[in-house]
Amino acid sequence: RSQVIDVSLPAPSLPRRRPVTMELESIAIEGLQRKGLADLDGKDSYAKVNEKKVNAADSVGKEKQKVVNELASAYARDYVKQVAPEDKPFLGAQPLLLRKPHISTVEETERVTAVACKTIGRLIKEAHGVHIRISEDARRSDVARGLMEAASDEVVDIDAAPVVVSMTRDLWHTLPFTQLPSAPGTAKRLLIYVGTPGKYLSMCIKSYRGRFDTAYEEDRLVILCKGVCMLPLGTQEQNIFGVDEVAVLKTIGAAVRARGSLAWGHGVGTKASIMTKLYGYPVGGALPKPLCYEGDAGGSANSFDYLVDYVRFLNQLKMAKPEMPVTVWYDTGLLVSVLMGSVVGAGVSLLTDSDGVSMLRDASIGHIISKLNQVIAVEPFKSARAVYNFFIGDGACRLNGGVELALHLMEGHKAQSLTNLFIFNNHKWAIEDNLVAETFEEHALYNKSFYDLLQHHSNVVVCENDLELRETLSLLSRKADAYAAGKSGPGLNIIVIRGLDVSLPPMIGDIEPIRQSSEMSFLRNVLGKFAEGCQHKVPLYGCSAFEYIQYLHLFMEEMPEGKKYQYVCGRTDIQAAHMCGMTQPDGKCVLFINDVYGINSL
């Protein structure tokens, strides 16, 4: 442990671009051997793992990989930029850009609330039927709870019911389920969504986006968020800002009750058990059996199957110990989103909480690392007996100092929880480069030797294949089982997962509108003028470029003005900003940042 290790690397000479598939050299460090986490009896969990092998995927395994690849493709498609036609006016419900802060007065609030209440009351009265969906951030509303409590689960034919009340999928995934409830259809009903929807969240939880789209196009969609309401006004959907959402929800409650009885949308006889999980005090049971795998890995089993098994086990653990927090947080990223899609596809709850849902709704990269800091460092979370799990990709983890923070927490805090930080280590930005069909050299993550060194910490393990992954997950389930039974203590582990990858074709979309867009004209005119007279290529500093990568790529590859620039990817938005403040080759540089999170970083 006191050994000084000198690792000498040749100076890299790399092109600005290289193919998507990259060979990563392994750095052999003499005297350091690979190991697993210590088992409950102190033995190396990898001691006998080499007695088995990983078989090639059979026909079932290949079909599962196709499903995984499609989950990844669906995620990537969400990031393809859609350029709005510039010759058409914006119609319908649009965001309101405030150039100055504005807080509604009491009079303004009363006026717009009255408009919303009157309109919604009329819509409910005239509708063929009404479907109210209660989301996670509305669960604490007394009015929303009252609507769920008033709904009857004795109605067999809910299609004939005038009003159907159900929970949204984001609310489901904050409750323990090994088989998620059924969801009612919306058909031609007036759809009232109470809470805050989110695009990335809806993709992760496989929500029925088509319902929103269809209801919006048919002018029968109402969304009530905090302070704002979307509803049909005249011939199209509109946003009303500054409403009193409690008053509007009370109006909705009174209007639907006037239509007749309310039907529970999740099946006959299911309401009591679900409402008990949501608001009551569930009765626990026997602890679940820890995961145990026999025989070789691979074959008909996909790598994500083992992770789904682990999340299912955590749901069973929560149902056995309802008083103990058992929570999973998922970051924004390709492999993490594929994991979520696999869990949801198996009918298992993601088992997250309101913060987890909020982070997915915002698609905030690296946000779970801040949550990790909170549960380990802040009372009363740090003193609680709980089982916490975090999943994140290596790019997002690096951007937010995840590993360094985890080691800091191990050394500097003595939390009472059993916590695991899972890091998917595939050495690359997942989405950005698939939007331009080639890898930016600046986006390659050269971190293999970093994690190779880390694994020699007693609380860090690297899983190189499915055998090591399933053995580690089995061990973590045994530790969680023993911890819940009071037979073992707390701890914080880092699990680095390698070899988990997907086949993802480029998701370029139609790039001609980008070429012809006013944004591209702006880049060419402004940056072309800015670089005039410079002897060197002007540094263009950025970070994860998912918001603007297609514009940047076309600008630098196809536009003559782009040849005057060099793209430099900072490790964080803050680092990119720091570099802008330094002396530049010709006294000039450009800063690119991502959305509001990049701005907040500055």
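Numbering of residues starts from 1 in each chain and follows the order in which that chain's sequence is written. Totals for whole chains, interfaces and linings use every residue, but because this is a predicted model, local features are given only for residues with pLDDT of at least 70 and side-chain atom pairs only at 80 or more, for both listing and counting. Side-chain numbers here rest on the full set of heavy atoms in the structure, without hydrogens or water.

What follows deals with a nonpolar patch on the surface. Taken together, Leu96, Leu98 and Phe241 make up a surface patch of nonpolar side chains, about 290 Å² in accessible area. Strands are runs of DSSP state E lasting at least two residues, helices are runs of H or I lasting at least four, and both sets are numbered from the N terminus onward. Turning to its location among the elements, leucine 98 is positioned in the loop between α1 (59-77) and α2 (106-126). Excluding any residue in a salt bridge, patches collect residues exceeding 30% relative accessible area, merging like charges within 9 Å and nonpolar Val, Leu, Ile, Met, Phe, Trp and Tyr side chains within 5 Å. For the area figures, the Shrake-Rupley method with a 1.4 Å probe applies, and any residue is considered shielded solely by the protein chains shown. Salt bridge, as used here, is a side-chain nitrogen of Lys or Arg placed within 4 Å of a carboxyl oxygen of Asp or Glu.

Within strand β16 (residues 491-497), six of the seven residues are buried, which leaves the element mostly enclosed by the surrounding structure. One ladder, built from seven bridges, connects strand β13 (residues 418-424) with β16; its direction is parallel. Across the sheet, threonine 419 pairs through a bridge with leucine 492, a residue of β16. Pairing between strand β15 (residues 460-463) and β16: four bridges, direction parallel. Its bridge partner lying in β16, valine 460 is registered against isoleucine 494. Burial here depends on accessible area, computed with a 1.4 Å probe over protein chains only, as a share of the maximum for the residue type. Under 20% is buried, over 50% is exposed, and the range in between is partly exposed. Pairing between two strands requires that DSSP report at least two bridges joining them.

Counting residues in each nonpolar core, the largest one holds 60 residues, and the members touching the most others are Leu307, Tyr330, Phe391, Phe424 and Leu473. Among the elements that make up this core, the one with the highest residue count is helix α9 (residues 303-320) (nine residues). Contacts were defined at the residue level, with two residues in contact if any of their heavy atoms lie within 4.5 Å. Once residues lying within four places of it in the same chain are set aside, the contact partners of leucine 473 are Leu291, Tyr306, Leu307, Tyr310 and Phe422. Residues belong to one nonpolar core when they are buried, are Ala, Val, Leu, Ile, Met, Phe, Trp, Tyr or Cys, and are joined through side-chain atoms within 4.5 Å. Within the second largest apolar cluster, 42 residues are counted, among which are Cys117, Ile132, Ile192 and Leu249.

Scanning the model with the defined rule gives 23 salt bridges in all. Across the salt bridge formed by lysine 448 and aspartate 452, the nearest N and O atoms sit 3.1 Å from each other. On the criterion of helical spacing, the pair formed by lysine 448 and aspartate 452 is a turn pair, its members being four residues apart in helix α15 (residues 448-454). This pair shows no difference in class: lysine 448 is buried, exactly as aspartate 452 is. A salt bridge links glutamate 512 to arginine 515; the nearest nitrogen and oxygen atoms lie 3.0 Å apart. Of the two residues, glutamate 512 and arginine 515 are both situated in helix α17 (residues 512-515); the distance of three residues between them amounts to about one turn of the helix. A relative accessible area of 35% places glutamate 512 in the partly exposed class. Residues joined in a network through salt bridges with shared partners are Lys448, Asp452, Glu464 and Arg498.

As a further point, take the side chain of glutamine 584. Mapping glutamine 584 onto the fold places it in the loop between α20 (573-580) and β19 (590-591). We define a polar contact as two N or O atoms separated by no more than 3.5 Å, with the added condition that, inside protein, one atom must be a possible hydrogen donor and the other a possible acceptor, whereas residues neighbouring each other in sequence contribute only through side-chain atom pairs. A distance of 2.7 Å separates a polar side-chain atom of glutamine 584 from the backbone oxygen of methionine 579. When near neighbours in sequence (up to four residues on either side) are disregarded, glutamine 584 contacts Pro539, Tyr541, Met579 and Cys589.

Looking now at the packing of aromatic side chains. Pairing of aromatic rings covers Phe, Tyr and Trp, the last through its six-membered ring, and needs centres within 6.5 Å; plane angles under 30 degrees mean stacked, over 60 mean edge-to-face, and all others mean tilted. In this structure the tally under the stated criterion is 10 aromatic pairs. Between tyrosine 293 and tyrosine 306 the ring centres are 5.2 Å apart and the planes differ by 85°, which places this aromatic pair in the edge-to-face class. In this pair, tyrosine 293 sits in the loop between α8 (271-279) and β10 (297-298) while tyrosine 306 sits in helix α9, placing the two residues 13 residues apart along the sequence. The exposure classification of tyrosine 293 matches that of tyrosine 306, with both residues buried. On the basis of an interplanar angle of 10° and a centroid distance of 5.8 Å, the ring pair of tyrosine 330 and phenylalanine 391 is categorised as stacked. One end of the pair, tyrosine 330, is in strand β11 (residues 326-330); the other, phenylalanine 391, is in strand β12 (residues 387-393), and 61 residues separate them in sequence.

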